[in-house]
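Chains, contacts and geometry: an overview
In case you want the letters, here they are:
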Amino acid sequence: MAEQSYTMPEAMLYSQRMAQLSKALWKAVEKDWQQWIKPFGLNINEHHILWIAAHLKGATISEVAKFGVMHVSTAFNFSKKLEERGYLSFSKREDDKRSTYVEVTEQGHSLLLEINNHYFDTEHSVLEGSLPVRQLYGRFPEYIELMAVIRNIYGNDFMDIFEQGFKNMEQLYGENEQVNQSDYTAESENLSIKEKGEVS
């Protein structure tokens, strides 16, 4: 350990504050998450694995476990359950026969899309609690310092996977937003044409 530039009370207070805040936040996140996915017959681990596999586009079980912050056996066992339900497929690669890869099936992608479309069907206390910050600063909290702490604990590989996963997700949601906007525009144009026809 590097030479200490802090006192024991400072260290203890910081650790306890982090522990209490993390526990309180996780309880809210867990409740929001469970309520959101409950109608679709998934638990948090299953949804998380499905989400990771979708946005990492061909991840190994080890990568799923690392990014999901779970044991490899947990990632494998829940992935098998998802495979049995037709949401995931397992495969090996010629250049990497030691690793097991998971891919989201068409049925799995459809399920994820349906879950996303029902996001606002349930309450999200973490989102609600963050809105005053967004209203004040014009953006949601970005947790830059927290991400630095996570990087120092889990390493650059973890954060690389984290950033790539969210980059893929942002691209996907951006494409969906464009599609939805195009559909809305087309529907508006059709409605205008119909209204003009009725007037004439």
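Refer to the structure above for everything that follows.
The structure reproduced in this document is the subject of the present report. None of the values given here were measured: they were computed from a predicted structure. (Residues numbered from 1 in each chain as written. Predicted model: local features only at pLDDT ≥ 70, side-chain atom pairs only at ≥ 80, totals over all residues. Heavy atoms only, no water.)

1. So, the nonpolar core
Core analysis: the largest hydrophobic core is formed by 33 residues, its most contacted members being Leu42, Leu50 and Leu88. Counting only elements with at least two residues in this core, the list comes to helix H1 (8-37), helix H2 (44-56), helix H3 (61-67), helix H4 (72-84), strand E3 (96-104), helix H5 (106-117) and helix H8 (156-199). Excluding its chain neighbours within four sequence positions, the residues that come into contact with leucine 50 are Leu42, Leu82, Tyr87, Leu88, Val104, Gly108, Leu111 and Leu112. (Core = buried A, V, L, I, M, F, W, Y, C linked by side-chain atoms within 4.5 Å. Buried < 20%, exposed > 50% of the residue type's maximum accessible area, 1.4 Å probe, protein only. Helix = DSSP H or I, 4+ residues; strand = E, 2+ residues; numbered from the N terminus. Contact = heavy atoms within 4.5 Å.)

2. Observations regarding the pattern of salt bridges
Close approach of charged atoms lets side chains of opposite charge pair. For the coordinates displayed, the defined rule picks out six salt bridges. With its nearest N and O atoms 2.8 Å apart, the salt bridge here joins lysine 80 to glutamate 83. In this pair, lysine 80 and glutamate 83 are both assigned in helix H4, three residues apart and thus about one turn of the helix distant. Under the relative-accessibility criterion, glutamate 83 is labelled partly exposed at 28%. Note that arginine 93 is salt-bridged to glutamate 103, the shortest N-O span being 4.0 Å. With arginine 93 in strand E2 (residues 88-93) and glutamate 103 in strand E3, this pair connects stretches of sequence that are ten residues apart. (Salt bridge = Lys/Arg side-chain N within 4 Å of Asp/Glu carboxyl O.)

3. Some details on H5
Between its first and last C-alpha, H5 extends 17 Å over twelve residues, near the 16 Å set by a 1.5 Å rise per residue. Residues Gly108, Leu111, Leu112 and Ile115 constitute the buried set of H5. One face of H5 carries all of its buried residues, which in axial projection span an arc of 100°. Opposite the buried face of H5, at more than 90 degrees from it, the exposed residues are Glu106 and Asn117. Looking at the buried side of H5, the elements it contacts are H1, H2 and E3. (Expected span 1.5 Å × (residues − 1). Arc of directions from axis to C-beta.)

4. Focus: the environment of isoleucine 52
Relative to the assigned elements, isoleucine 52 resides in helix H2. Sequence separation between isoleucine 52 and phenylalanine 162 is 110 residues; the distance between their C-alpha atoms is 9.4 Å. Beyond its immediate chain neighbours, meaning those up to four positions away, isoleucine 52 contacts Val64, Phe67 and Gly68.

Shape is all these values report; function is a separate question.
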